[in-house]
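# Geometric and topological summary
Each chain is listed here by its residues.
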Amino acid sequence: MKIYLSQDSAAKALCAEDVAAAIRAEAAARGIAVELVRTGSYGMVWLEPLAEIDRGAGREAFGPLTPEDVPALLDGTLPGLGPVAEIPFFKRQTRLTFARCGVIDPLSLDDYEAHGGLAGLRRALDMSAPEIVAEVTSSGLRGRGGAGFPTGIKWDTVRKAQGDQKYIVCNADEGDSGTFADRMIMEGDPFSLIEGMVIAGLGVGADKGYVYLRSEYPDAIAVMTRAVELARAAGLLGRAVLGCGPSFDIEIRKGAGAYVCGEETSLLNSLEGKRGVVRAKPPLPALEGLFGKPTVVNNVISLATVPVIFERGAAHYASFGIGRSRGTVTLQIAGNVARGGLFETGFGMRLGEVVEEIAGGTASGRPVKAVQVGGPLGAYMPVSQFDTPLGYEEFDGAGGLIGHAGLVVFDDSADMLGMARFAMEFCAVESCGKCTPCRIGAVRGVETLDRIAAGDGAAVALLHDLCATMKDGSLCALGGFTPYPVMSALTHFPQEFGQSREAAE
Amino acid sequence: MPVALPDATEDELRAIIARHADLEGALLPILHELQETYGHIPAASAPLICAALNISKAELHGVISFYHDFRDAPAGRHVLKLCRAEACKAVGADALAEALLRKLGIDWHGTTGDGAVTIEPVYCLGLCACGPAAMLDEQVVGRADAEKLDRLLAGAGA
Ligand SMILES: Cc1cc2nc3c(=O)[nH]c(=O)nc-3n(C[C@H](O)[C@H](O)[C@H](O)COP(=O)(O)O)c2cc1C
Ligand code: SF4
Ligand code: FES
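Definitions and limits used
- For every chain, the first residue of the written sequence is number 1, and numbering continues from 1 onward in sequence order.
- Each chain is given a letter, starting from A, and each ligand a number, starting from 1, according to the order in which they appear as written.
- With the structure being a predicted model, the display of local features is reserved for residues of pLDDT at least 70 and the display and counting of side-chain atom pairs for 80 or more, all residues being used for whole-chain, interface and lining totals.
- Excluded from the side-chain calculations are hydrogens and water; all other atoms, namely the structure's heavy atoms, are used.
- Pairing between strands requires that DSSP locate at least two bridges from one strand to the other.
- Only DSSP runs of H or I covering at least 4 residues are called helices, and only runs of E covering at least 2 are called strands; the numbering of each starts at the N terminus.
- An axis is simply a line fitted to the C-alpha atoms; with a helix, the fit covers only the stretch in contact. Between two such axes, the angle follows the N-to-C directions and lies from 0 to 180 degrees.
- Contact criterion: two residues are considered in contact whenever any of their non-hydrogen atoms come within 4.5 Å of each other.
- Any pair of N or O atoms that falls within 3.5 Å is considered a polar contact. Within protein, one atom must be able to donate a hydrogen and the other to accept it, and sequence-neighbouring residues count only if both atoms are side-chain atoms.
- Helix span is expected to be 1.5 Å times the residue number reduced by one.
- For every residue, the accessible area obtained with a 1.4 Å probe (protein chains only) is divided by the maximum for its type, and the residue is called buried under 20%, exposed over 50%, and partly exposed between those limits.
- Salt bridge, as applied in this entry: a Lys or Arg side-chain nitrogen positioned within 4 Å of an Asp or Glu carboxyl oxygen.
- Where each domain begins and ends is defined by an automated method or by a domain database.
- By nonpolar core we mean a set of buried residues, namely Ala, Val, Leu, Ile, Met, Phe, Trp, Tyr and Cys, connected to one another through side-chain atoms within 4.5 Å.
- Buried area, as used here, totals the accessible surface that two parts lose on assembly, with accessibility defined by a 1.4 Å probe and the loss added over both.
- Charged residues are taken to be Asp, Glu, Lys and Arg, nonpolar residues to be Ala, Val, Leu, Ile, Met, Phe, Trp, Tyr, Cys and Pro, and polar residues to be all remaining types, Gly included.

Turning our attention to the sheet that holds strand E15 (residues 406–411) of chain A. Residue and element names in this part refer to chain A. The strand order E12-E11-E15-E13-E14 describes an open sheet built from five strands, whose pairing is mixed. Looking at which strands have only one partner, the edges of the open sheet turn out to be strand E12 (341–346) and strand E14 (380–382). This sheet shows a mean twist of 30° between the axes of neighbouring strands, independent of strand direction. Here strand E13 (residues 368–373) pairs with E15 via five bridges, running antiparallel. Following the sheet pairing, valine 371 is matched in E15 by valine 409. Lying on the sheet, helix H15 (residues 351–358) is in contact with strand E11 (328–335), E12, E13, E14 and E15; it crosses E13 at an angle near 125°. Most of the contacts of helix H21 (residues 483–492) go to E14, to which it runs at about 25°, and overall it touches E13 and E14.

Shown next, in the form of structure tokens:
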């Protein structure tokens, strides 16, 4: 009998290790042979720890499991969930980037290849650098880290740049609250990121890659570090990629607990061993990036999506989505939600459909009040905006942003003034200190919101001014976008700021 | 986090620095290993790092003070990080943290009187679909409640 059990951090946080120990102990006590395979997560966090049993007729899912469930699990008497593919939350997805996550042993290159891995790289090895970049451009892939910049255009700039040394830097700083797609893919399918970085290297002529991985993710660091070692041993990385290509190698570097280091130029300074202060642009990192060399900086999901684009073809990827948002979005549904987790789907689904139908509303059972989309710099979207389709331009039009595609759900007990205050507090704590409107403005913002909370209605006008100053006078989106959560909370929930609706608008 | 941290000898410090000094951008890897070994960045390492990487004392201090991870004095024997970010707030992280801090009689970044545990805020652990989230040293905890935290702290000797 084969048992697959998720080893993702979220499963571990819900006691998967206790379940693993119980399975081993129970199997030993019964004297039966159980092969326990640890996998990544399918992303259905409310069902974690989730295990699948294969008794010879395919994998059947069980969860959420406790150690006490294990005897019945082995007896075959525990009620199950059926095949994962038939679970409604899973069935409605289009899994491209996450196709292997949950299915395979993350550290088995054989498993990886058996499930389509390396096919994209083999195709890329037969292409010229301009052809590789053109394939990415025509897939319509846009940066999944936040800004949504077309990945192919960025790569082309680096490809054309002159330089004796070029770099591929993977941004694995994933600091946004409500996001965990980078973590999940690094823990559950690390070779897809490695393969994507190798293809990027071929496309732009870089032979060195760095993964800047936040220190808050010790499990992801361990898996990625091991995956790089295995990739080197197998010749996927090293002097000749897959035995025939140019050289490419990757180093994993650990962040040090600064949110702003997710901003690409701050990240580059940090990699260079400096304070993570944001750099003014120009020069673009594509031209003068790491150590002044032409550098691709891409998010984990952007890079981990590259292999499937080459495996299935750019046209296949681009066939999903709406408008200028092509392919799939890897939504992360979080907060006060009945069914939270990772949901990959073509762009275009309505926000409300995701929150109400797929996620099943709140965990508390109370009405949904608002959803913060796109991390701590994203707007609070009230139920009245639930018709907004998930697309970069569509969200921009609604005064919001998709960002790294985290959705944080709040029920009607949420204190919106408190959340606005927190946005300012977070900005003050994490500011790199370079611009006054961000560094000082955020501190003033906290004070101003405290005045409003104390009943000083006149302070609301001050808050408006402060947000306008931060928006205009900040070098990066930390200071520049903090007004989004603040102003959206004020606009949609004016009563909580002591305002009538008309006054707020 | 090791329970009994060794005292740093100059030879050991030099060895740690030398292990990374040839890397591109060696400073963060050096600081991380120092902190993992000693629980903080020992003051005695400063002149050695500056000499090895050819940077000034001010630059080094600037870097150490910029990042939340690095400390110049040891923390408690264990570090409990409690997530304070939005997704965890949506499921009651604020009340949970307040109650724990009150019970331990310390504030954020504080250490219990017996030196057993330091409580640090963290802004997201990537466990946002099973919050409130926490991390004791490197052990992740989801759907934290007062009882789970009590058990963890008891296990940590606090
Ligand atoms: C304050 C701040 C934090 C950011 N954090 C991240 C992050 O954690 N991960 C990420 O990929 N991008 C982050 N970004 C966006 C990056 O600056 C950059 O746009 C991205 O890494 C480019 O990769 P992409 O084009 O693949 O998205 C952040 C930006 C800002 C302003
Ligand atoms: S907006 Fe804030 S974080 Fe961004 S560069 Fe300016 S001071 Fe630094
Ligand atoms: S917001 Fe708490 S773990 Fe992400």
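Don't stop here, the text continues.
Further remarks concern the side chain of serine 325 of chain A. Residue and element names in this part refer to chain A. Within the secondary structure, serine 325 is located in strand E10 (residues 325–326). A distance of 3.0 Å separates the side chain of serine 325 from the backbone nitrogen of tyrosine 392, its partner in a polar contact. In contact with serine 325, not counting residues within four places along its chain, are Arg142, Phe320, Phe347, Gly391, Tyr392, Glu393 and Glu394.

Residue and element names in this part refer to chain A. If you check helix H10 (residues 190–204), its first and last C-alpha atoms are 22 Å apart, about what 15 residues at 1.5 Å a residue would give, namely 21 Å. H10 sits mainly inside the fold: 15 of its 15 residues count as buried. After H10 finishes, the residue glycine 205 shows a positive phi value of roughly 80°.

Before going further, it helps to examine the pattern of salt bridges. Counting across every chain of the model gives 43 salt bridges over all chains. A salt bridge links aspartate 456 of chain A to arginine 451 of chain A, with the shortest nitrogen-to-oxygen separation between them at 2.9 Å. The structure contains a network of salt bridges with shared partners spanning Arg421, Glu425 and Asp450 of chain A together with Arg84 of chain B.

Domain parsing of chain B yields domain 1 (10–66) and domain 2 (78–155). Distance from the C-alpha centre of domain 1 of chain B to the C-alpha centre of domain 2 of chain B: 30 Å.

Our next topic: the nonpolar core. The biggest cluster of nonpolar side chains holds 188 residues, and the ones touching the most others in it are Trp155, Met186 and Ile194 of chain A together with Tyr67 of chain B. Sequence-distant contacts of methionine 186 of chain A, that is, excluding residues within four places in its chain, are made with Ala172, Leu193, Leu213, Tyr217, Ala220, Val223, Met224 and Val300 of chain A.

The next subject is the interface of chain A and chain B. Facing the 60 residues of chain A at the interface are 39 residues of chain B. Where chain A abuts chain B, roughly 3,700 Å² becomes buried across the two surfaces, and 59% of that area is made up of carbon and sulfur atoms. Among the residues chain A hides against chain B, the three largest losses belong to Ala256, Arg275 and Phe422 of chain A. Together they make up 15% of the total. For the interface between chain A and chain B, the tally reads two salt bridges. Where lysine 254 of chain A meets glutamate 36 of chain B, a salt bridge forms, and the shortest distance between an N and an O atom there is 2.7 Å. There are 23 residue pairs in polar contact (both at pLDDT 80 or more) connecting chain A and chain B. Listing elements by their share of the side of chain A that touches chain B, those giving two or more residues are helix H1 (9–13), strand E6 (208–213), helix H11 (218–233), strand E7 (249–254), helix H12 (264–271), E11, E15 and helix H17 (416–430) of chain A. Counting residues per element, the side of chain A that touches chain B draws most heavily on H17 of chain A, which supplies six residues. The residue inventory of the side of chain A that touches chain B, partitioned by class, reads 30 nonpolar, 16 polar and 14 charged.

All right, on to the domain arrangement of chain A then. Residues and elements named next belong to chain A. Domain parsing of chain A yields domain 1 (2–91), domain 2 (109–318), domain 3 (321–411) and domain 4 (416–504). Look at where the C-alpha atoms of domain 1 and domain 2 centre, and you get two points 32 Å apart. Residue-level contacts link eight residues of domain 1 with five residues of domain 2. Approximately 520 Å² of surface area, both sides summed, lies buried where domain 1 meets domain 2, with 45% of it carried by carbon and sulfur atoms.

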